[in-house]
Amino acid sequence: MTTPGDTALGRFKNLLGSGRGNTRAPTRLSSHEVDQALLLMRDYEESGIGWFWASDKDGRISYISDVVAQKIGTARSELLGLPIQSLFVLERDDDDGSERTLPLIFSARKTFTGLQVRAATDTASVWWSIAGRPQFGPDGTFNGYRGNGVDVTAVRQSQRDASRLAQYDSLTGLANRHRMGKRLGATLTAYKAAKRSCAVMMLDLDRFKQVNDTLGHPAGDELLKQVAQRLQRVIAEKNCEIGRLGGDEFQIMLPDVDDRGRLGEIAKSVITMLSQPYQIDGSRCVIGASVGIAIAPYDGVSSEELVRSADLALYASKGGGRGQFRFYSSDLHSEAERRRQIEEDLRDALANDQMRVVFQPIVDARTNTVVSLETLARWAHPELGEVSPGVFIPIAEEANLIGALGDWVLKQACIDGARLPGNVKVAVNVSAAQFANPGFSSLVAQALAHSELPPERLELELTESIFLGDRAATDDMFTQLKMLGVRLALDDFGTGYSSLSYLQHAPFDKIKIDKAFIQGVTEEGNRNAAIIASIVSLAEALNMDTTAEGIEAHDELEEMRRLGVGQIQGFIYASAVPIDDVCDAMLSGDWVIEPDGPSKYRPERRTVLRKVGLIHEDHRYDVTMRNLSRSGCMLEGLVDVPIGTQFVVDFGEGQLAVAVVRRSAGAMQGLEFEHHLVDDGAGGLCTRHRVSPYVLAQAGMPLAALPPGQYPMQLMQQPGGAITLPKFGQVEAKHKMPKFA
Ligand code: C2E
Ligand code: MG
Ligand code: MG
């Protein structure tokens, strides 16, 4: 049996209410007019432009259009009687702070219009804009709602697209600068209240410009897309957001991460992942990445401050030779200043005779005879003292000074090399930028001609970074250099991408295995020995020599000999010396050196001389740190400290490490840390965690990034606690502090 409400016309009649309800005096319609109105409404609904709905006084559906039933995917008859709000989902935009909910809106008994809702269905995304008007009886009783709706899916979609465009980078699909700024700002504000931490990584691609310039902009775009995909794959932290700020600059927000051990691992895997080769339009290219990391609230409380800190850390990591990560620390301000000064002074260093070269012997592993000498640049800065090439070479590369510097070193090396007797070779380091200069081979030819050094006695040390960029130009330069008759060595093998395919394609005469690859080779479970063995056999097959770099201990030397490495360079034989010393040593012909060094390689115990704070009970003592490893340190300055004493070592900037005295003799103590230190990215170590500025704020300090220097002692003391006397006597450290520790 069908009720009148079940025929289409009957349903509309119900909806029109035949003049029932509403507070305004209903307009009387003739039955002809009613039928006309019904037909119009039906046409309207069927046209798909819009639809009608009605609910009763309890908020239950009393009329709903078929259009809606179809979109929801339920028969109309089953919808009747359900709460009206069950048809819709109210989705709020991120920045709409309103607290409105659908039940609240439908129970308010007020007119509403333009309410944007989504159909309550999982299958399709349909958006409606709905309006409703409450209906009241003559006595003012609420009878329900009547209203209409229109489909706004298309509008909504285009709005979404527009807002996507405004928030996302169209090339990579990552968040853009605008969105990153907004999200970081909002997160930091919310996290400040909740005392949570948030890390930011700034990332910059190394040598992206080179790819863009040599392979063209479309290739550069493709490369950026692939970088974005790799970043999305490698970073899987909860709630993180990855953005491209522009050019080759990326930013990663990592909420609730403040463990520097974990952050260092993430940064390392990002750098490794991005440094794998890319295939672009059939060409292969390789780039690198540098990362700077800052963590709120430790390194900045506001988003501006935090980003500035991360930027400074990025600047430092690029200056440190690229392909590295760096954590922010307040020293970076002075370091940045120092780098600027070095860059400035480097321009005049050559002219002012501050540069010189020294030579490190490379020795035949079997006979201990010096076969070659590596030229290493040295710079005596008038104020800073000796500046390491590890510092000034990357700066020279960045500041376009490497050409002039490299040319000078090359000329000097050839002149000095020509003074040496016999067949001893001189090796010269060549930067990728020098190698990329089309005029480089003529410079080499000139240096040889001027010094009269036979070309086969000159060895050019190239790193894998020469393979970045244009393959044809690289091959061309190889051909020209081989025509000159000089020897070519692949330097620092094992630090970069280390593709064995380079060895097959390029005409190298020698592979130098980097010290980073050799360190730990004698430790149990280390797999480098097997890899070195395969490098050696490949080199033999290709008729190349092998040199192991950085050999310091006898066990390492024995291992290299066992693996068949032909030549050794390292402190076990000699460090770099001036040319006059070399000439003296070679007066009687061959220079044979007996290896001399520790019997065993010791895992990096870094020698440092640095003041640190040592906290015990209410007292802080200033002591000198003599060496430092992940697990402990050696301190000098307190006397008669019993074994087992617990201290807190204050490394400054909120880095506190709980430690126990394990060895004690006179004024020297060996301490073991409760938690191991982690890599700071710059070859040093740092604590995983720091004192939280939130904790300092609770103790009455203003909430701010950690100040440089030591932990404020008054925060350690119990209020009203008895003042104790210092337990330990203090002495001056016997060792002088060097200028650059
Ligand atoms: P490199 O070419 O790998 O040079 C070897 C470095 O390892 C030298 O550091 C050398 O002193 C050091 N070394 C040698 N044996 C040992 C050892 O047993 N233990 C340890 N811990 N280190 C050892 P140096 O002189 O500080 O040079 C660092 C880097 O700076 C060089 O690495 C090279 O890449 C670059 N460099 C130096 N001079 C020049 C130059 O004239 N031109 C260019 N482009 N780069 C240069
Ligand atoms: Mg070298
Ligand atoms: Mg090297």
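Residues numbered from 1 in each chain as written. Chains lettered and ligands numbered in written order. Predicted model: local features only at pLDDT ≥ 70, side-chain atom pairs only at ≥ 80, totals over all residues. Heavy atoms only, no water.

### Describing the overall build of the chain
The line we're drawing: Each helix is a run of DSSP H or I of at least 4 residues and each strand a run of E of at least 2, with the numbering of both proceeding from the N terminus. Every radius of gyration here is taken over C-alpha atoms, with the globule rule written as 2.2 Å times N^0.38, N being the number of residues. Any two residues whose heavy atoms approach within 4.5 Å are treated as being in contact. Per-residue accessibility takes into account occlusion by the displayed protein chains alone, with areas from the Shrake-Rupley method and a 1.4 Å probe. For this count, His and the chain ends are skipped, Lys and Arg are scored as positive, and Asp and Glu as negative. In plain terms, the charge of a residue is placed at NZ if it is Lys, CZ if Arg, CG if Asp and CD if Glu.
Scanning the chain from N- to C-terminus turns up 23 helices and 32 strands. For a compact globule of 741 residues, the expected C-alpha radius of gyration is about 27 Å, and the chain comes in at 37 Å, more than 25% above that figure. Its C-alpha atoms put the chain at 130 × 80 × 50 Å along the principal axes. Taking the contacts inside the chain whose residues are at least 6 apart along the sequence as the reference set, 63% of them involve residues at least 24 apart. Summed over all atoms, the accessible surface of the chain reaches about 35600 Å², with 51% contributed by carbon and sulfur. Taken together, the 79 basic and 96 acidic charged side chains of the chain have centroids lying 7 Å from each other.

### Quick notes on the coordination of the magnesium ion (ligand 2)
What counts is decided by this rule: Each metal's donors are the N, O and S atoms found within 2.8 Å of it, except that Na, K and Ca use a 3.2 Å limit; water is left out, so coordination can look incomplete. Classification of residues uses two cut-offs on accessible area relative to the type maximum, computed with a 1.4 Å probe and protein chains only: under 20% is buried, over 50% is exposed, and between them is partly exposed.
Taken together, Glu-374 (OE), Asn-429 (OD1), Glu-461 (OE) and Asp-491 (OD) make up the protein donors of the magnesium ion (ligand 2), found 2.0 to 2.2 Å from the metal. Donor residues for the magnesium ion (ligand 2), ordered by position in the chain, follow E-x54-N-x31-E-x29-D. A spacing of 3.8 Å is found between the magnesium ion (ligand 2) and the magnesium ion (ligand 3), which share Asp-491 as a donor. One end of the pair, Glu-374, is in strand S15 (residues 370-381); the other, Glu-461, is in strand S18 (residues 458-462), and 87 residues separate them in sequence. Note on accessibility: Glu-374 and Glu-461 belong to one class, buried.

### Remarks on the sheet that holds strand S5 (residues 127-136)
Keep this limit in mind: In short, DSSP must find at least two bridges between two strands for them to pair. Helix axes are fitted only over the stretch in contact, all axes being lines through C-alpha atoms; the angle between N-to-C directions runs from 0 to 180 degrees.
An order of S2-S1-S6-S5-S4-S3 is seen for the six strands of this open sheet, with the pairing classed as antiparallel. At either end of the open sheet lies a strand with only one pairing partner, and these are strand S2 (61-64) and strand S3 (88-89). As paired elements, strand S4 (residues 112-119) and S5 share five bridges and run antiparallel to each other. Counterpart to Val-117 in the pairing with S5 is Trp-128. Helix H2 (residues 31-47) contacts strand S1 (50-55), S2 and strand S6 (142-151) of the sheet and is inclined by roughly 115° relative to S1.

### Some remarks on the site of ligand 1
Selection criterion: The rule for a residue being near a molecule or strand is that one of its heavy atoms must lie within 4 Å of it. Polar contact is defined as a pair of N or O atoms within 3.5 Å, subject to the rule that within protein one atom must be able to donate a hydrogen and the other to accept it, and that residues adjacent in sequence are counted only when both atoms are side-chain atoms. Gly counts as polar in this scheme, as do all residues outside two lists: the nonpolar Ala, Val, Leu, Ile, Met, Phe, Trp, Tyr, Cys and Pro, and the charged Asp, Glu, Lys and Arg.
Taken together, the neighbourhood of ligand 1 is formed by 20 residues, with Glu-374, Arg-378, Asn-429, Glu-552 and Phe-571 sitting nearest. The contact in question runs from an oxygen atom of ligand 1 to an N or O atom on the side chain of Asp-491, over 2.9 Å. A distance of 3.0 Å separates an oxygen atom of ligand 1 from a polar side-chain atom of Asp-492. Calculation on ligand 1 without its partners gives an accessible area of 800 Å², and the protein chains cover 81% of this total. Each residue belonging to the shell around ligand 1 can be placed in one class, and the counts come to seven nonpolar, five polar and eight charged.

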